[in-house]
Amino acid sequence: MNTYSKNLTYLTSFFVFILLLWFIGFVNSSLFELIGYYCLALGISMVFISFGNDKKAVLFAGTIIFLLGLVFFILNNFDFEKTNNLILPSFLFILGTGFFVLFLDKFSNKKNLVLSVTFWLIGFIFVLFSGEFSLHTFFIAIKDVAFSFWTIILIAVGAFLLLNNFTKNNKD
C-alpha cells in the first residue's frame, strides 16, 4: 500500500468514526463543519506528500481540497450577508492558488504562474465589480481570523516545518 492510499485510508476511517459519533450525538458540530475539517486534513496531507515528488495531479487536487475545506470552515464559523457572492470568487482564487502551488513545485513551468495570476486577477476584478470589497474591511477580517485561530496557525506552521524537515531527511 503506497503512502497516498495509506493516508487516505487512515483519514477516511477517522472521518467515518467521527461521523458515527456525530450520528450518536457525541460530537456537537454541523456536518458542514466536519466535512470542512476532513477536507483540511486530507488536502494538507496530500500537499505534503506530493510536494517535490513530481505528482502534479495529487498536488493540485490536494491544494483544491484543502482550500475547499478552508472555505467550508470559514462559511461555518463566520456570518456573511450574501454567501452566494463568495462562491465564484472563491472558486477563482482556489484555482489560482492551485496553479501557484504547482508553480512553486516546479519553478521552470511559467505557464502555471501565468494561469495562477490570471485566475487571481479575474477573481479580484469580480470582487471589485460586485461592490462588496474594501481593503479596510479585508484587513480587519484577516486580523480577526488570525487572532481567533492563532493556535491553529501556529500548529500548521509547526507541522509544515516538521514534515518539511522529515521529507528532506528521508530523501538523503
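Note: the structure precedes this text.
### So, the overall build of the chain
Per the secondary structure count, the chain includes seven helices and zero strands. What you see in the chain, going N to C, is helices and strands ordered as α-α-α-α-α-α-α. By residue count, 24% of the 172 residues in the chain fall in the buried class. Put simply, 59% of the contacts in the chain that link residues at least 6 apart link residues at least 24 apart. Here the chain displays about 11600 Å² of accessible surface, and carbon together with sulfur accounts for 72% of that area.

### Notes on the packing of aromatic side chains
For any two aromatic rings, the description comes down to two numbers: the centre-to-centre distance and the angle of the planes. Enumeration according to the criterion identifies nine aromatic pairs in this entry. Seen in terms of ring centroids, F32 and F72 are 4.9 Å apart; in terms of plane orientation they differ by 55°. Their pairing is tilted. With F32 in helix α2 (residues 31-50) and F72 in helix α3 (residues 56-77), this pair connects stretches of sequence that are 40 residues apart. Relative accessible area serves as the criterion here: at 36%, F32 is assigned to the partly exposed category. A relative accessible area of 23% means that F72 is categorised as partly exposed. For the ring pair F103 and F107, a centre distance of 5.3 Å and an interplane angle of 80° mean the geometry is edge-to-face.

### So, the environment of G43
With respect to the element layout, G43 can be found in helix α2. Each C-alpha atom, one on G43 and one on G62, is 4.1 Å from the other, the two residues being 19 residues apart in sequence. When sequence neighbours within four positions are dropped, the list of residues in contact with G43 reads G62, I65 and F66.

### Structural notes on the packing of α3 against helix α4 (residues 84-105)
Relative to each other, α3 and α4 sit at 145°, their axes nearing to 9 Å. In terms of crossing hand, the pair formed by α3 and α4 is right-handed. Residues K56, L59, F60, T63, I64, L67, L68, V71 and L75 of α3 lie in contact with α4, whose contacting residues are L86, S90, I94, L95, T97, G98, F99, V101, L102 and D105. Looking at the contact of α3 with α4, its residues break down into 13 nonpolar, four polar and two charged.

### What to know about the nonpolar core
Soluble globular proteins tend to pack their nonpolar side chains together in the buried interior. Membership of the largest hydrophobic core is limited to eight residues, which are L11, F15, I18, L19, L34, Y38, L42 and M46. Within the residue set of this core, elements represented by two or more residues are α1 (3-24) and α2. Setting aside residues no more than four positions away along its own chain, L42 makes contact with L8, L11 and I65.

### What to know about the environment of L70
On the secondary structure map, L70 appears in helix α3. Considered as a pair, L70 and G43 are 27 residues apart in the sequence and their alpha carbons are 9.9 Å apart.

Reading guide: rules and limits
Throughout, residues of each chain are indexed from 1 in the direction in which the sequence is written. Only residues with pLDDT of at least 70 are given local features in this predicted model, and only at 80 or more are side-chain atom pairs given and counted; all residues enter the totals for whole chains, interfaces and linings. Excluding hydrogens and water, the side-chain values take into account all heavy atoms of the structure. Every helix listed is a DSSP run of H or I at least four residues long, and every strand listed is a run of E at least two residues long, numbered separately from the N terminus. Buried residues are those whose accessible area, probed at 1.4 Å on protein chains only, stays under 20% of the maximum for their type, while exposed residues exceed 50% and partly exposed ones sit between those limits. The contact criterion used is simple: two residues touch if any of their non-hydrogen atoms lie within 4.5 Å. Note that accessible areas follow from Shrake-Rupley with a 1.4 Å probe, and for residues the cover is restricted to the protein chains shown. Aromatic pairs are defined between Phe, Tyr and Trp rings, using the six-membered ring for Trp, whenever the two ring centres lie within 6.5 Å; interplanar angles under 30 degrees are classed as stacked, those over 60 as edge-to-face, and all others as tilted. Here an axis means a line fitted to C-alpha atoms, over the contact stretch when the element is a helix, while the angle between two N-to-C directions is reported on a 0 to 180 degree scale. Take the far helix as the reference: if the near one is turned anticlockwise from it by less than a right angle, the crossing is left-handed, and if turned clockwise, right-handed. Charged residues are taken to be Asp, Glu, Lys and Arg, nonpolar residues to be Ala, Val, Leu, Ile, Met, Phe, Trp, Tyr, Cys and Pro, and polar residues to be all remaining types, Gly included. In these notes, a set of buried Ala, Val, Leu, Ile, Met, Phe, Trp, Tyr and Cys residues joined through side-chain atoms within 4.5 Å is what counts as a nonpolar core.

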